[in-house]
Amino acid sequence: MKDSPILIIGKNGKTGLRVEQRLQALGYATRGVSRSTAPAFDWEDRATWRAAMAGTRSAYVTFHPDLAIPSAEQTIRDFVALAAELGLQHLVLLSGRGEDGARRAELALEQGGLDWNIVRASWFMQNFSENFMIEGILNGELALPAGDIVEPFIDIDDIAEVAVATLTRPELRNRVFEVSGPRAMTFAECVAAISEATGYPVKYTQIPIEDFVDGLRVQGAPEPLLWLMRELFTVVFDGRNSSPTGGVEEALGRPATDFSEYLRKVMATGAWERSGMQQQA
Ligand SMILES: NC(=O)c1ccc[n+]([C@@H]2O[C@H](COP(=O)([O-])OP(=O)(O)OC[C@H]3O[C@@H](n4cnc5c(N)ncnc54)[C@H](OP(=O)(O)O)[C@@H]3O)[C@@H](O)[C@H]2O)c1
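What you are looking at is a predicted structure, and each value in this text was computed from that prediction instead of being measured.

Caption draft 1: Fine view of the overall build of the chain. Counting its regular elements, the chain contains 11 helices and 8 strands. On C-alpha atoms alone, the chain measures out to a radius of gyration of 19 Å, which is about the 19 Å that the 2.2 N^0.38 rule sets for 281 residues. Residue pairs at least 24 apart in sequence account for 78% of intrachain contacts in the chain once pairs closer than 6 positions are excluded.

Structure follows, in structure tokens:
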């Protein structure tokens, strides 16, 4: 079992990719899986789980679409039970701060009988550059149902490093690492900083939750995603997570990455370049 691979669930996801790259750079064997890999792993098809998990020793687990959804608790409970049956020893779960549903899923892991870690994260900085907010940035207007609430957005390179630390350092096991960035910012402040970094104007507009959900529905978003967005922007994004946390420092012995460093890294990738669009000074 010692030389068997570390399983990464969500191989091509934002954090799974980073965790797998870091483990491989350290010389660990990995098995990254998702619906598009062979073997495949699909959270919605339990028949795929056994083959994807068999022969691995530990796992980094990203749930899709979000641990906040009501079915997540039972799904994680079943997953942990199968992991125990297959002889996995340690599971590291990526979770979200302040989500009641996520907490229930975390408990299913903590009570499952295996070694565990929870990396409980604030909202990702990379939502602005690798996720649903990038379109608004490139179009010059990010419209969201979030007002003056501040959020200590986290750089997911930090999440990946914390996850790797928990997977490779046994003394960190059976702990929650509540991770965030070092300073809390409003969406308007984030967008202003992105606008300054890119050199083109981007504005933040606060819109009512109903307008936001209707807009997603018109674009064809499925009902579960609409439910999730409503949950995230009304229940979870209410100020309960505004305080920065010390999880990155606790795991890594260094401060969490600041938004300014995130901006520098994204600018170097070209992700916010407006190809074919007129740059407006
Ligand atoms: N975004 C945030 O601000 C935030 C904050 C805190 C916590 N989180 C948590 O982060 C987790 C997501 O992690 P992430 O952002 O690293 O992943 P991600 O980027 O959302 O992962 C996307 C990958 O998941 C795979 N996938 C989609 N549906 C799947 C399914 N039914 N079964 C298996 N794989 C599936 C897809 O690959 P294939 O198409 O190949 O299957 C895709 O490449 C969520 O649980 C969320 O709660 C997010």
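Caption draft 2: Quick peek at the sheet that holds strand E4 (residues 90-96). Here 6 strands make up an open sheet; going across it, the order is E2-E1-E3-E4-E5-E7 and the pairing parallel. For this open sheet the edge positions go to strand E2 (30-33) and strand E7 (175-179), each flanked by a neighbour on one side alone. For this sheet, the mean inter-axis angle between neighbouring strands, taken without regard to orientation, is 15 degrees. Across 4 bridges, strand E3 (residues 58-61) lies against E4 in parallel orientation. Within E4, the residue paired with alanine 59 across the bridge is leucine 91.

Caption draft 3: Region of the structure containing the packing of helix H8 (residues 209-218) against helix H9 (residues 223-236). Look at H8 against H9: their axes get within 10 Å of each other, and the N-to-C directions meet at 155 degrees. In terms of axis orientation, H8 runs roughly antiparallel to H9. The crossing of H8 and H9 is right-handed. Counted together, Ile209, Phe212, Val213, Leu216 and Arg217 of H8 and Leu225, Leu226, Met229, Arg230, Phe233 and Thr234 of H9 form the full contact between these two elements. In the contact of H8 with H9, the residues fall into 8 nonpolar, 1 polar and 2 charged.

Caption draft 4: Spotlight on the environment of valine 213. Within the fold, valine 213 resides in helix H8. Put simply, valine 213 and serine 275 are 62 residues apart on the chain and 29 Å apart in space, counted from C-alpha to C-alpha. Setting aside chain neighbours within four positions, we find valine 213 in contact with Leu226, Met229 and Arg230.

Caption draft 5: Fine view of the site of the ligand. Taken together, 25 residues are adjacent to the ligand, and Gly13, Thr15, Ser34, Arg35 and Ser36 come closest. Counting residues per element, the ones that place at least two in the shell around the ligand are helix H1 (14-25) and E4. Sort the elements by how many residues they give to the shell around the ligand and H1 lands first, with 3 residues. Across the shell around the ligand, the residue classes tally to 8 nonpolar, 12 polar and 5 charged.

Caption draft 6: Structural context of unusual backbone geometry. Proline 39 follows alanine 38 through a cis peptide bond whose omega is 0 degrees. In this structure, proline 39 sits in the loop between E2 and helix H2 (49-53). Residues histidine 64 and proline 65 are joined by a peptide bond in cis, for which omega reads 5 degrees. Topologically, proline 65 is positioned in the loop between E3 and helix H3 (72-86). Even without a glycine there, the phi angle at asparagine 174 is positive, about 65 degrees. Turning to its location among the elements, asparagine 174 is positioned in the loop between helix H6 (156-168) and E7. Classification of asparagine 174 as partly exposed rests on a count of 13 C-beta atoms within 10 Å.

Caption draft 7: Inspection of the nonpolar core at higher detail. With 72 residues, the main nonpolar core has Ala59, Tyr60, Leu91, Val119, Ile159 and Ala163 as its most contacted residues. Top contributing element to this core by residue count: H6, with 8 residues. Apart from the residues within four sequence positions on either side, tyrosine 60 is in contact with Ile6, Ile8, Ile9, Gly16, Val19, Val92, Ala163 and Leu167.

Here is what the cut-offs are and how they apply
- Residues numbered from 1 in each chain as written.
- Predicted model: local features only at pLDDT ≥ 70, side-chain atom pairs only at ≥ 80, totals over all residues.
- Helix = DSSP H or I, 4+ residues; strand = E, 2+ residues; numbered from the N terminus.
- Rg over C-alpha atoms; globule rule 2.2 N^0.38 Å.
- Contact = placed C-beta atoms within 7 Å.
- Pairing = 2+ DSSP bridges.
- Axes fitted to C-alpha atoms, helices over the stretch in contact; angles between N-to-C directions.
- Parallel < 35°, antiparallel > 145°, perpendicular 65-115°, else oblique.
- Left-handed = near helix turned anticlockwise from the far one by under 90°.
- Nonpolar A, V, L, I, M, F, W, Y, C, P; charged D, E, K, R; others polar.
- Near = placed C-beta within 6 Å.
- Buried ≥ 20, exposed ≤ 12 C-beta atoms within 10 Å, placed from the backbone.
- Core = buried A, V, L, I, M, F, W, Y, C linked by C-beta atoms within 7 Å.

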